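# Report on the structure
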Amino acid sequence: NRASALGSYIHCLCTILSKHYKIYINGEEFEKLSPAEGNTNAPKVNTGSIFKKLFPQFLKNAIRDYLHLRKMKVFSESDVCEKGDILLEFYSYGSDAGRLGSEKYNKKLMIIFDAPVLEENEFFNGKKIIFRKKIKKLQDQALIKADRIVVYSNPVKEYVSHITTKRDNIF
């Protein structure tokens with residue numbers, strides 16, 4: 001989504017790298033990808049559904065997380081990590097794709113990590129009750145597996161080095 005900050009960042013990085021390397025995004029050649037049509041972040045219309053009002057927020061969050069984790073599992077089990085020599089993952093909530101792809105195809109893994117995903121999600125969506133341990137475990141496993149980790153600040157570097165017990169692969 002080029003309308004998002006992360007989408008613009010990824011597009012700029014791929015444009016720069018594609019001058020010297022063949023770049024794939026989720027298994028597709030960067031050069032062959034077409035810009036997304038329309039605004040995918042368009043505000044959703046509130047239907048006022050009675051079902052939405054009946055269920056407490058923590059239950060709706062749990063269902064959303066379950067569906068998200070299931071979607072991430074399907075993506076992680078696909079062959080999108082097969083192409084290329086190095087995997088670069090912008091780590092996101094509940095991801096296991098980089099770690100599994102790195103292990104399956106014996107490739108180096110570089111992670112760009114901007115913040116602890118569980119804490120970030122709780123800040124925006126409220127305290128996690130369900131899937132808390134799973135989300136943290138997936139994040140920690142990915143960071144431990146990574147050959148290189150790029151962070152945006154010294155506090156995040158300290159956070160990551162506490163998990164990985166290394167400092168020499170964090171930049």
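Residues numbered from 1 in each chain as written. Predicted model: local features only at pLDDT ≥ 70, side-chain atom pairs only at ≥ 80, totals over all residues. Heavy atoms only, no water.

## Some remarks on the sheet that holds strand E5 (residues 148-151)
Ordered by their spatial adjacency, three strands build an open sheet running E3-E4-E5, and the pairing between neighbours is parallel. Sheet topology places strand E3 (86-90) and E5 at the edges, where each strand pairs with a single neighbour. Across the sheet, the mean angle separating the axes of adjacent strands is 15° when strand polarity is ignored. Across five bridges, the pairing between E3 and strand E4 (residues 108-113) is parallel. The partner of isoleucine 86 across the bridge, within E4, is lysine 108. Strand contacts of helix H4 (residues 97-105): E3 and E4, with the helix running at about 170° to E3, the strand carrying the most contacts. (Pairing = 2+ DSSP bridges. Helix = DSSP H or I, 4+ residues; strand = E, 2+ residues; numbered from the N terminus. Axes fitted to C-alpha atoms, helices over the stretch in contact; angles between N-to-C directions. Contact = heavy atoms within 4.5 Å.)

## Describing unusual backbone geometry
One non-glycine residue, asparagine 106, adopts positive backbone phi at about 50°. Looking at the secondary structure, you find asparagine 106 in the loop between H4 and E4.

## Focus: a nonpolar patch on the surface
Judged by side-chain polarity, Leu6, Tyr9 and Tyr152 come together as a nonpolar surface patch covering roughly 320 Å² of accessible area. We classify tyrosine 152 as partly exposed; its relative accessible area is 47%. (Patch = residues over 30% accessible without salt bridge, like charges linked within 9 Å, V, L, I, M, F, W, Y side chains within 5 Å. Areas by Shrake-Rupley, 256 points an atom, 1.4 Å probe, with all protein chains shown as cover. Salt bridge = Lys/Arg side-chain N within 4 Å of Asp/Glu carboxyl O. Buried < 20%, exposed > 50% of the residue type's maximum accessible area, 1.4 Å probe, protein only.)

## Quick notes on the environment of arginine 70
Tracing the chain through its elements places arginine 70 in helix H3 (residues 57-76). By relative accessible area, which is 46% here, arginine 70 ends up partly exposed. Between the alpha carbons of arginine 70 and glycine 94 there is a distance of 9.6 Å; along the sequence they are 24 residues apart.

## Brief notes about the packing of helix H6 (residues 132-145) against helix H7 (residues 154-164)
Following both chains from N to C, one finds H6 and H7 inclined at 85°, their axes separated by 9 Å at the closest point. When the axis of H6 is compared with that of H7, the two are roughly perpendicular. Judged by residue contacts, Lys136, Gln139, Asp140, Leu143 and Ile144 of H6 engage Tyr159, Val160, Ile163 and Thr164 from H7. Here the residues of the contact of H6 with H7 are counted per class, giving five nonpolar, two polar and two charged. (Parallel < 35°, antiparallel > 145°, perpendicular 65-115°, else oblique. Nonpolar A, V, L, I, M, F, W, Y, C, P; charged D, E, K, R; others polar.)

## Quick word on the packing of H4 against H6
Working note: a packed helix pair is described by the angle between its axes plus the distance between those axes. Close contact between H4 and H6 brings their axes to 8 Å; oriented N to C, the two are set at 45°. Taken together, H4 and H6 sit at an angle that is classed as oblique. Crossing hand, H4 versus H6: left-handed. Across from Arg99, Ser102 and Glu103 in H4, the residues of H6 making contact are Gln141, Ala142 and Lys145. The residue inventory of the contact of H4 with H6, partitioned by class, reads one nonpolar, two polar and three charged. (Left-handed = near helix turned anticlockwise from the far one by under 90°.)

## Quick notes on helix H5 (residues 117-125)
Inspection of H5 places Val117, Leu118, Asn121 and Glu122 among the buried residues, and these make up the whole buried set. For H5, the angular spread of buried residues about the axis comes to 130°, placing them on one side. Turned more than 90 degrees away from the buried face of H5, the exposed residues are Phe123 and Phe124. For H5, the secondary structure elements touched by its buried residues are H3, E4 and H6. The first or second residue beyond H5 is glycine 126, which carries a positive phi of 90°. (Arc of directions from axis to C-beta.)

## Let's talk about the nonpolar core
A general tendency of soluble globular proteins is for nonpolar side chains to be buried together. Membership of the largest hydrophobic core comes to 21 residues, with the highest contact counts inside it found for Tyr91, Ile111, Phe113, Leu143, Ile149 and Val160. Among the elements of the structure, E4, H5, H6, E5 and H7 are those that each provide at least two residues to this core. When sequence neighbours within four positions are dropped, the list of residues in contact with valine 160 reads Phe113, Leu143, Ile149, Val151 and Ile170. (Core = buried A, V, L, I, M, F, W, Y, C linked by side-chain atoms within 4.5 Å.)

## Here we look at the packing of aromatic side chains
Following the criterion strictly, the structure yields four aromatic pairs and no others. Ring geometry for phenylalanine 113 and tyrosine 159: centres 6.4 Å apart, planes at 5°, overall stacked. Taken together, the residues span a long stretch of sequence, with phenylalanine 113 in strand E4 and tyrosine 159 in helix H7 at a distance of 46 residues. Residues phenylalanine 123 and phenylalanine 124 carry aromatic rings whose centres are separated by 5.1 Å and whose planes lie at 85° to one another, so their mutual orientation is edge-to-face. For the pair formed by phenylalanine 123 and phenylalanine 124, the shared burial category is exposed. Ring pairing ties together the aromatic residues Tyr91, Phe113 and Tyr159, which thus form one cluster. (Phe/Tyr/Trp six-rings, centres within 6.5 Å; stacked < 30°, edge-to-face > 60°.)

Geometric values such as these leave the question of function open.
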